[in-house]
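Here's the letter readout for the chains.
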Amino acid sequence: MLAEDIELTPLPFGEEDVEVSLLDVTRLVDTESIASRFLREREREDYARLRHPSRRREWLGARVCLKTMLLRRRDVSDPIQCEIVKDASGRPRLSFAPGRSVRVAYDCSLSHKDRFACASASSRVDTRVGVDIEEVSPRLLRLAGAFDRDRASLIRPRPPEERLALLWALKEACAKAVGGGIGMALGHVSCEETAEGRHRVRTGEGIAFHARHVLHDGYVVALCLGTAEAQRQRKGR
């Protein structure tokens, strides 16, 4: 499969200079060929360490999604001109091949859940971005006590499965933006919906993000945006 054959679904978050897209990973048929086409050496090593077939497909799909976004922006002409590595806090970071001139510096985030992989790229200066996708299903009902507390406020009632998927996705998107992991977010992140689909998210340390969510084909996708300056202040405490 060539990059031109990858079908992405752009999501309507309405944020200028921030792009979020979905990729249906069930359409990735020859995953080994796709991995060879899209992954650089270190990425291929990480991919090879994954053993479960569905996990491999989702992991690969998220990276194919992000690199295809860059190809369509013409920031790269070949997916192996960049690789996705992790920084010290475990957040994904784009690294470009030596000598490759890139117009903007992107902050990025990846997510995947069963059928879909998701990627976000922000070209805003000094921005932290986090994205998460969660299926609306009964799975989270047994975990509700861990994260559905009085720190969450939504503007209208929603079915329990949708409410829980929404809160989980918002909190995990926040954790990805901060770089603290979902354990940080479960009990220490507050979520307040300020308008339909728009949220104010705040960590226990007081770092504020504005967030949005959309529903797509039985899944919630949440996007959190904050500033890198707030993160630097957190580290300086």
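Residues numbered from 1 in each chain as written. Predicted model: local features only at pLDDT ≥ 70, side-chain atom pairs only at ≥ 80, totals over all residues. Heavy atoms only, no water.

### As for the overall build of the protein chain
Counted only if it meets this: Counting from the N terminus, the helices are the DSSP runs of H or I reaching at least four residues and the strands are the DSSP runs of E reaching at least two. Throughout this description, buried means an accessible area under 20% of the type-specific maximum (1.4 Å probe, protein chains only), exposed means over 50%, and partly exposed covers the range between. Two residues form a contact once any of their heavy atoms are found within 4.5 Å. Note on areas: Shrake-Rupley with a 1.4 Å probe; residue coverage comes only from the protein chains shown.
Scanning the protein chain from N- to C-terminus turns up 7 helices and 12 strands. Classification of the 237 residues of the protein chain by burial places 51% in the buried group. Across the protein chain, the fraction of contacts at a sequence separation of at least 24, relative to all contacts at a separation of at least 6, is 59%. For the protein chain, the accessible area works out to roughly 11,300 Å², and carbon and sulfur atoms hold 48% of it.

### Things to note about the sheet that holds strand 9 (residues 189–195)
For clarity, the cut-off: Strands pair, by our definition, only if DSSP identifies at least two bridges between them. For helices, the fitted line uses only the C-alpha atoms of the stretch in contact; every axis is such a line through C-alpha atoms, and the angle between N-to-C directions lies from 0 to 180 degrees.
Across the sheet, 6 strands lie side by side as 7-12-11-10-9-8; this open sheet has mixed pairing. Either end of the sheet is taken by a strand with one partner, and the two such strands are strand 7 (127–135) and strand 8 (152–153). Where strand 9 lies against strand 10 (residues 198–203), 6 bridges are found, and the strand directions are antiparallel. Of the residues in strand 10, the one forming a bridge with C191 is V201. Each of strand 7, strand 8, strand 9, strand 10, strand 11 (208–216) and strand 12 (219–227) touches helix 5 (residues 160–178); the most contacted strand, strand 7, lies at about 150° to it.

### Focus on the packing of helix 2 (residues 41–49) against helix 3 (residues 53–72)
Between two packed helices, what matters for the description is the angle formed by their axes and the separation of those axes. Going by this rule: Throughout this description, any angle smaller than 35 degrees is read as roughly parallel, any larger than 145 degrees as roughly antiparallel, any in the 65 to 115 degree range as roughly perpendicular, and the remainder as oblique. By convention the crossing between two helices is left-handed if the near helix lies anticlockwise of the far one by an angle smaller than a right angle, and right-handed if it lies clockwise. Residue polarity is assigned by list, with Asp, Glu, Lys and Arg as charged and Ala, Val, Leu, Ile, Met, Phe, Trp, Tyr, Cys and Pro as nonpolar; anything else, Gly included, falls into the polar class.
The geometry of helix 2 relative to helix 3 is characterised by a closest axis approach of 9 Å and an angle of 155° between their N-to-C directions. Between helix 2 and helix 3, the interaxial angle falls into the category roughly antiparallel. Helix 3 is crossed by helix 2, and the crossing has right-handed handedness. Contacts between helix 2 and helix 3 involve E43, D46, Y47 and A48 from the former and R56, W59, L60 and K67 from the latter. Here the contact of helix 2 with helix 3 is built from residues that sort into 4 nonpolar, no polar and 4 charged.

### Quick word on the pattern of salt bridges
A side chain of one charge can pair with a side chain of the opposite charge when the charged atoms of the two come close. Rules: Every case where a carboxyl oxygen of Asp or Glu lies within 4 Å of a side-chain nitrogen of Lys or Arg is listed as a salt bridge.
In this structure the tally under the stated criterion is 21 salt bridges. For E7, the salt bridge identified is with R27, shortest N-O distance 2.8 Å. Of this pair, E7 sits in the segment before strand 1 (8–10) while R27 sits in the loop between strand 2 (18–24) and helix 1 (31–38); the two residues are 20 residues apart in sequence, bridging distant segments of the chain. Note that R56 and E32 form a salt bridge whose closest N and O atoms lie 3.0 Å from each other. One end of the pair, R56, is in helix 3; the other, E32, is in helix 1, and 24 residues separate them in sequence. The class for R56 is buried, based on a relative accessible area of 15%.

### Focus on the side chain of T31
Locating T31 in the fold gives a position in helix 1. Contact partners of T31, with chain neighbours within four places excluded, come to Y47, R57 and L60.

### A short note on unusual backbone geometry
In this model, R74 sits at a positive phi of 65°, which is unusual for a non-glycine residue. Tracing the chain through its elements places R74 in the loop between helix 3 and strand 3 (82–86). Even without being glycine, D114 reaches a positive phi, approximately 55°. Take D114: it is sitting in the loop between strand 5 (107–113) and strand 6 (116–122). Overall, the relative accessible area of 38% leaves D114 in the partly exposed class.

### As for helix 5
This is how it is decided: In this scheme, a helix's expected span is set at 1.5 Å multiplied by one less than its residue total.
Between its terminal C-alpha atoms helix 5 stretches 27 Å, which fits the 27 Å expected from 19 residues at 1.5 Å a residue. Of all 19 residues that make up helix 5, 15 are buried, and the element is covered over most of its length. Just beyond helix 5, the residue with positive phi is G179, at close to 95°.

### Let's talk about the nonpolar core
Our working rule: By nonpolar core we mean a set of buried residues, namely Ala, Val, Leu, Ile, Met, Phe, Trp, Tyr and Cys, connected to one another through side-chain atoms within 4.5 Å.
Core analysis: the largest hydrophobic core is formed by 30 residues, its most contacted members being I6, L23, L60, V64, L66 and L94. Taken together, the elements giving at least two residues each to this core come down to helix 1, helix 3, strand 3, strand 5 and strand 6. With 9 residues, helix 3 is the largest single contributor of residues to this core. Setting aside residues no more than four positions away along its own chain, L94 makes contact with L66, L70, C82, E83, I84, Y106 and C108. Membership of the second largest hydrophobic core comes to 20 residues, among which are L170, I207, A211 and V220.

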